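Take a look at the letters that make up each chain.
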Amino acid sequence: MSEWSEGEKTRLESLGDGQISAQRLGEREVLAIPNEDSNTVILSYSPRFEDNVFSVLRELDQAPPQVMIQVLILEVTMNNSMELGVEMAAQDLQFTKAGPGDTTSFDFVGGTDIGAAGAGLGGFTFTISGNDFNFLLHALQTEGSLKVLSRPQVTAMDKQEAIFKVTQDVPYVNSTSTTTGGQITTSVGRQDVGIELTVTPQINSDGYVRMEIQQIVSDLTNSTVDVGPGVRAPIFFKRETQTVVSVKNNETIVLGGMIQSREQITDTKVPLIGDIPFLGTLFRFSQNSNERTELLIVLTPTIIRTVEDFRAISIEIRDETGGIPQDVLSSPLLKSLRIGDPDAPIDGEAPAEPMELEQPAPEEPGEYGPSRNAAPRREKESDDGGYGAPVTLRGAKK
């Protein structure tokens, strides 16, 4: 308001070229003193320009728009592994049977040891065992699928930063040291694992929302690394997106995405023999693994301008979850989002009677200016073009 007043004075001075009197310029001056505690403003202005002052005041005194940002994080991981191996052994233990006094007999032991027997239990296993011969066939196929669906959402005021953070503080060992006395000392670090969303929206007049976004998604993996004697630390997986986008209201865009495929083939075999077609299968242990990961980050901004917009969005989100129990949806703690009659009494309580408040008697209008409790918007009963105060003022005192 003060900047508008100074701008008007500057404009008149430039147009009048020094011919406008100081009194005329003083009438254009508007003094505004804000009070942040009570969210009010005290104005001092010339009655001649009351309509202009209140016109500007009404334009400024509007609820700022807000933006609800909904982010969908979809991650799908599929893996497939196959193990196939054969091990065999033959032996002739003549020396073991004859004893240490025999000098003419020998033990003969031969076969394959390529890891099929140590691959672990499970799958199909076929074994033939005897005194002089062992045979093992191992076959195992593993398929897995992992789907992670996250939907963080946050409401932010226009041009104000909003932070959404749901994480776990995970401790881990990051180093070890050994003292001169042989005592092992470990150093423990901490890492936030979860979802972090930081956004600063800016609403344009044409219905677009400009957003500065930083999205971080992190979690633990099943892999570890050695950090010291007998100590292993976990490996963290982190996906981060930092960008500035402009999106139309209620439009959905892909903020980021990633497709990652990994294939690993490991063959353990007897040299030369393991490469012979068909026959080489008996002298080879194969491990094949395929893993595919797809990550998609989708964003939808919704501009909120009125209380009705906020309520409609809140009800829509409440009904989209589908996992909230019915007793929670009908709980009085949900207030206006409660399913059922919001004014129904709580179980075991009598309905509350409406409280009637005594209204103060209206006071006579004053000579000029609104009273302390008067509304900022006043109405004139006459439009005679005079310089006096409005004829009717709410709550004005003489």
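Refer to the structure above for everything that follows.
In what follows, the accompanying structure is described. Model, not experiment: these values are computed from the prediction.

**As for the overall build of the protein chain**
A count of helices and strands for the protein chain gives six helices and 13 strands. Looking at the protein chain as a whole, 26% of its 398 residues are labelled buried. For the protein chain, contacts bridging at least 24 residues in sequence account for 61% of all contacts bridging at least 6. Carbon together with sulfur atoms contributes 52% to the accessible area of the protein chain, which is approximately 27,400 Å² in total.

**Re the packing of aromatic side chains**
Per the stated rule, a full pass over the model turns up two aromatic pairs. With 6.4 Å between their ring centres and 70 degrees between their planes, F126 and F135 make a pair best called edge-to-face. Their ring planes at 70 degrees and their centres at 5.4 Å tell us that Y172 and F236 sit as a pair that is edge-to-face. One end of the pair, Y172, is in strand 8 (residues 162-178); the other, F236, is in strand 11 (residues 231-248), with 64 residues separating them in the sequence. With a relative accessible area of 26%, F236 lands in the partly exposed category.

**Concerning the layout of surface pockets**
Of the pockets and cavities examined, the second largest pocket occupies roughly 620 Å³. As for the second largest pocket, its lining consists of 17 residues, and the residues nearest its centre are T77, T221, N222, F237 and E291. Where the lining of the second largest pocket is concerned, the elements lending two or more residues are strand 3 (66-93), strand 6 (133-150), strand 10 (208-228), strand 11, strand 12 (253-269) and strand 13 (284-304). The greatest single-element share of the lining of the second largest pocket, amounting to five residues, is contributed by strand 10. Taken together, the residues of the lining of the second largest pocket break down into five nonpolar, eight polar and four charged.

**Regarding helix 3 (residues 50-60)**
Of all the positions in helix 3, only E50, V53, F54 and L57 are classed as buried. Angular distribution of buried residues about the axis of helix 3 spans 90 degrees; they occupy a single face of the element. Across helix 3 from its buried face, at more than 90 degrees, point the exposed residues D51 and E59.

**A few points about the pattern of salt bridges**
Tallied over the entire structure, the rule returns 11 salt bridges. For R151, the salt bridge goes to E320, with nearest N and O atoms at 2.6 Å. With a gap of 169 residues between them, R151 in the loop between strand 6 and strand 7 (153-157) and E320 in helix 5 (residues 307-321) connect regions that are remote in the sequence. Taking relative accessible area as the criterion, R151 reaches 40% and is therefore assigned partly exposed.

**Description of the nonpolar core**
The nonpolar side chains of soluble globular proteins are, as a tendency, buried together. Ranked by size, the top nonpolar core spans 22 residues in total, and within it I69, V71, V199, M211, I213 and L299 carry the most contacts. Core analysis: the next-biggest nonpolar cluster, separate from the first, contains five residues, V30, Y45, F54 and L57 among them.

**Some words on the pairing of strand 5 (residues 124-129)**
Pairing of strand 5 with strand 6 involves six bridges; the strand directions are antiparallel. Bridging across to strand 6, I128 finds its partner in F135. The loop that links strand 5 with its antiparallel partner strand 6 comprises three residues.

**What to know about the side chain of T300**
Structurally, the position occupied by T300 is in strand 13. Beyond its immediate sequence surroundings of up to four residues, T300 is in contact with M68, I69, Q70, N250, E251 and T252.

**What about the pairing of strand 2 (residues 40-44)?**
Strand direction decides the pairing type here: strand 1 (residues 31-35) and strand 2, joined by five bridges, are antiparallel. Counterpart to L31 in the pairing with strand 2 is S44. Counting the residues in the hairpin turn of strand 1 and strand 2 gives four residues, including N39, whose phi is positive at 55 degrees.

**Observations regarding helix 5**
Look at helix 5: 22 Å from first C-alpha to last across 15 residues, which is about the 21 Å you get at 1.5 Å a residue. All of the buried residues along helix 5 are I313, I317 and R318. One face of helix 5 carries all of its buried residues, which in axial projection span an arc of 135 degrees. Elements that come into contact with the buried residues of helix 5 comprise strand 3, strand 7, strand 13 and helix 6 (326-329).

Criteria and thresholds
Residues numbered from 1 in each chain as written. Predicted model: local features only at pLDDT ≥ 70, side-chain atom pairs only at ≥ 80, totals over all residues. Heavy atoms only, no water. Helix = DSSP H or I, 4+ residues; strand = E, 2+ residues; numbered from the N terminus. Buried < 20%, exposed > 50% of the residue type's maximum accessible area, 1.4 Å probe, protein only. Contact = heavy atoms within 4.5 Å. Areas by Shrake-Rupley, 256 points an atom, 1.4 Å probe, with all protein chains shown as cover. Phe/Tyr/Trp six-rings, centres within 6.5 Å; stacked < 30°, edge-to-face > 60°. 1 Å grid on protein atoms, 1.4 Å probe; cavity = no way out; pocket = protein on both sides within 12 Å on 5 of 7 lines; lining within 4 Å. Points joined across faces, edges and corners; volume = space filled by probe spheres on them. Nonpolar A, V, L, I, M, F, W, Y, C, P; charged D, E, K, R; others polar. Arc of directions from axis to C-beta. Salt bridge = Lys/Arg side-chain N within 4 Å of Asp/Glu carboxyl O. Core = buried A, V, L, I, M, F, W, Y, C linked by side-chain atoms within 4.5 Å. Pairing = 2+ DSSP bridges. Expected span 1.5 Å × (residues − 1).

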